[in-house]
Amino acid sequence: AFGIGVKYDFGGTLLPFQLPGFKVHLLYARGGDRITPASGAGLPTTHEGNLDIIYDVPQVKGLQFRFRNGYVGRGNDQVVKDFRIIINYALDVF
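First, a word on scope: everything that follows refers to the structure included in this document. As the structure is a prediction and not an experimental result, all values here were calculated from the model.

### Quick look at the overall build of the protein chain
Okay, step 1: Of regular secondary structure, the protein chain possesses zero helices and five strands.
Okay, step 2: Taken over the C-alpha trace, the protein chain has a radius of gyration of 18 Å; the compact-globule value for 94 residues is 12 Å, which it surpasses by more than 25%.
Okay, step 3: On the principal axes, the C-alpha backbone points of the protein chain span a range of 55 × 40 × 25 Å.
Okay, step 4: Among the 94 residues that make up the protein chain, the fraction classed as buried is 17%.
Okay, step 5: Residue pairs at least 24 apart in sequence account for 32% of intrachain contacts in the protein chain once pairs closer than 6 positions are excluded.

### Some points on the sheet that holds strand β2 (residues 22-31)
Okay, step 1: Taken in spatial order, the five strands of this open sheet run β1-β2-β3-β4-β5, and their pairing is antiparallel. A single partner strand is all that each edge strand has here, and the edge strands are β1 (2-9) and β5 (79-89). Neighbour-to-neighbour, the strand axes of this sheet turn through a mean angle of 10 degrees, independent of strand direction.
Okay, step 2: Strand direction decides the pairing type here: strand β3 (residues 46-56) and strand β4 (residues 63-73), joined by 10 bridges, are antiparallel. The residue of β4 that forms the bridge with Leu51 is Asn69.

### Regarding the packing of aromatic side chains
Okay, step 1: For the structure shown, the criterion picks out four aromatic pairs.
Okay, step 2: Ring geometry for Tyr8 versus Phe10: centroids 4.9 Å apart, planes at 85 degrees, classification edge-to-face.
Okay, step 3: The exposure class of Tyr8 is partly exposed, given its relative accessible area of 22%.
Okay, step 4: Judged by centre distance (6.4 Å) and plane angle (20 degrees), the rings of Phe10 and Phe17 are stacked.

### As for the pairing of β2
Okay, step 1: Where β1 lies against β2, eight bridges are found, and the strand directions are antiparallel. In the sheet register, Lys7 faces β2, and the bridge partner there is His25.
Okay, step 2: Relative to β3, β2 runs antiparallel, the two being bridged by 10 bridges. Across the sheet, the residue bridging to Phe22 is Tyr55, located in β3.

Conventions used here
Residues take numbers from 1 onward in each chain, read along the sequence in its written order. pLDDT decides what is reported in this predicted model: residues at 70 or higher carry local features, side-chain atom pairs at 80 or more are listed and counted, and totals for whole chains, interfaces and linings draw on all residues regardless. Only hydrogens and water are removed before side-chain values are computed, so all heavy atoms of the structure are retained for them. Here a strand is any run of E in DSSP of at least two residues, a helix any run of H or I of at least four, and the numbering for each starts at the N terminus. The globule rule used for comparison is 2.2 Å times the number of residues to the exponent 0.38, while the radius of gyration itself is calculated over C-alpha atoms. Exposure is judged per residue with a 1.4 Å probe applied to protein chains only, and the accessible area is read against the type maximum: over 50% gives exposed, under 20% gives buried, and values in between give partly exposed. In what follows, residue pairs with any heavy atoms lying within 4.5 Å of each other are defined as contacts. Between any two strands, at least two bridges found by DSSP are needed for them to pair. To obtain each axis, a line is fitted to C-alpha atoms, and for helices this fit is confined to the stretch in contact; angles are then taken between N-to-C directions over 0 to 180 degrees. Aromatic pairs are defined between Phe, Tyr and Trp rings, using the six-membered ring for Trp, whenever the two ring centres lie within 6.5 Å; interplanar angles under 30 degrees are classed as stacked, those over 60 as edge-to-face, and all others as tilted.

If you want it as structure tokens, here you go:
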């Protein structure tokens, strides 16, 4: 298996503008040389690409909105597409 990823925080100073709380994660992964455990038969190579766009709300501690987008190719004509909108809120319990 092989994977590579990149992250960027738009609150940083690399770009000429800033968007505090916004982050982007890109990931590519490839899985090859897989087998079925029961029979030992080979499985096709799998390719996966993911994109996360994250917004940590600066005005509300612990509140985060996340859009997650994933594509998985399993060696045939069908590509699994996954789109999610996730809302996280961290609570201080202890």
